[in-house]
Every structure is written in structure tokens, then in C-alpha cells.
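# Understanding the architecture of this molecule
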Amino acid sequence: LIQLETIDSEAFVWHRLSTVELRFGTSKEALQAAEKANSTVEGRSPFGMLAQLANCQIREKLYPEADTTIQKLNRYYSNQRSDIRLGLECRLEVERGRYAKALSLISKIRDASTPVYLSMKRDALTGILDTVLADADRMVYKTELSLLNKQLTDFDDTGAWLTLLQ
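The structure contained in this document is the topic of the report that follows. (Residues numbered from 1 in each chain as written. Predicted model: local features only at pLDDT ≥ 70, side-chain atom pairs only at ≥ 80, totals over all residues. Heavy atoms only, no water.)

Our focus in this paragraph is the overall build of the protein chain. Along its length, the protein chain carries 10 helices and 0 strands. In the protein chain, the succession of α and β elements from N to C terminus is α-α-α-α-α-α-α-α-α-α. For 166 residues, the compact-globule estimate of 2.2 N^0.38 gives 15 Å, and the protein chain sits close to it at 17 Å. The buried share among the 166 residues of the protein chain stands at 43%. Long-range pairs, those at least 24 residues apart, make up 57% of the contacts in the protein chain between residues at least 6 apart in sequence. Summed over all atoms, the accessible surface of the protein chain reaches about 9100 Å², with 51% contributed by carbon and sulfur. In the protein chain, 22 positive and 23 negative side-chain charges are present, and the distance between their average locations comes to 4 Å. (Helix = DSSP H or I, 4+ residues; strand = E, 2+ residues; numbered from the N terminus. Rg over C-alpha atoms; globule rule 2.2 N^0.38 Å. Buried < 20%, exposed > 50% of the residue type's maximum accessible area, 1.4 Å probe, protein only. Contact = heavy atoms within 4.5 Å. Areas by Shrake-Rupley, 256 points an atom, 1.4 Å probe, with all protein chains shown as cover. Lys, Arg positive; Asp, Glu negative; His and termini not counted. Charge placed at Lys NZ, Arg CZ, Asp CG, Glu CD.)

Written out as C-alpha cells, the structure is:
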């Protein structure tokens, strides 16, 4: 990171620091760095910086702020990386406990077969199974969750998500 300071913009150095902090599990520090990256960038924040900010806000349970950041992403980059934008919305809804909405968002992702999106689906299914459901729906969700759990053994969702955001 010190070498980056000599060759890259301050905003990009803060962005990179945010990704490193998040990777090491220090989401509060990652959020602070992501906020600094977005506040020091010249012009419009790049997609990756805004996505990282939203990801950190979600992890820190700053849901209204994350919603605002995701809306900004959708407004500025409406024709780009739709799966990632939907993925951020899905993760936000899972964290808010809105599991049915999260499952609805997953169904709109073009390539929902990648492990990072499968893990979101697993989390949404886990949550929805704790709610009141018709017996038939519960059976379908349980079967699907069992399959996902087998597929996602040893999957690092944080690492995969950070790779996707880059």
C-alpha cells in the first residue's frame, strides 16, 4: 500500500486499504477507508469504490446508507455489472431479514450459478426457513438448502465477493 501512494491517487489507495481491511475481517476500518476513498475521488466514484462502500455499509448494518449507495450505483452504472448490483441488493435484503425479497432478487441474476450468489441464496433460504411457510414450500426450500450446503462446503464468501467487486 505504501508503494501505491507514490504511483496512484489517494482515493485508490483508500479503496485498496478498504479491501484489505475487509479481507482481514475488520469491517469498521474497511468502512472508514471506503468512505475516505469515495470522498477523495475526483469526479464520480468508480463502480468498484461504490460497490465496496455498499458492501462495508451492509456489513456494519448501516442499511439506509447502503440502500442510498446501491441506488447511486444503479443510477450511475445502470448498464453495467447488473449481477453485482443485484447481488448487493440481495445481500442487503438478507441482512435486513427480508428473505423472500432476497430470493426474488437472486432469480433476476443472470449467472446465479457462481458460488458467491449460491451462498447468498443459501443464506436467504436459511432465513426463510425460520418463518411461517406452507409445508410444500418448506420441503422445497429444505431440499434446495441441503444441496447448496453440500456445494458450498469450504467456500470463502468474503474472498469471493471481494474478487467479484474488483
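From this point on, the discussion continues.
Residue placement: S119 occurs in helix α8 (residues 115-128). Taking relative accessible area as the criterion, S119 reaches 1% and is therefore assigned buried. S119 has contacts with R91, L152, F155 and D157, leaving out every residue within four places of it along the chain.

For Q32, the position within the fold is in helix α3 (residues 27-40). The partly exposed category is assigned to Q32, whose relative accessible area is 46%. Counting along the chain gives 25 residues from Q32 to Q57, while the straight-line C-alpha distance between them is 9.7 Å.

Evaluated as defined, the whole model comprises 9 salt bridges. In this structure, R98 and E93 form a salt bridge, with 3.4 Å as the shortest nitrogen-oxygen distance. Taking the relative accessible area as the measure of exposure, R98 reaches 40% and is therefore partly exposed. With a relative accessible area of 5%, E93 lands in the buried category. Among the salt bridges present, the one from K101 reaches E93, with a minimum N-O distance of 3.9 Å. For K101, a relative accessible area of 46% corresponds to the partly exposed category. (Salt bridge = Lys/Arg side-chain N within 4 Å of Asp/Glu carboxyl O.)

Looking at the element boundaries, T26 is found in the loop between α2 (10-23) and α3. Relative accessible area serves as the criterion here: at 27%, T26 is assigned to the partly exposed category. There is a polar contact of 2.5 Å between the side chain of T26 and the side chain of E21. (Polar contact = N/O pair within 3.5 Å; in protein donor to acceptor, adjacent residues only side chain to side chain.)

Right, let's get into unusual backbone geometry. Backbone geometry places K61, a non-glycine residue, at a positive phi of 60 degrees. Along the chain, the position of K61 falls in the loop between α4 (47-59) and α5 (63-76). With a relative accessible area of 54%, K61 lands in the exposed category. The backbone phi angle of R81 is positive, close to 45 degrees, even though this residue is not glycine. One can find R81 in the loop between α5 and α6 (82-96).

As far as function goes, none of this settles anything; it's purely spatial.
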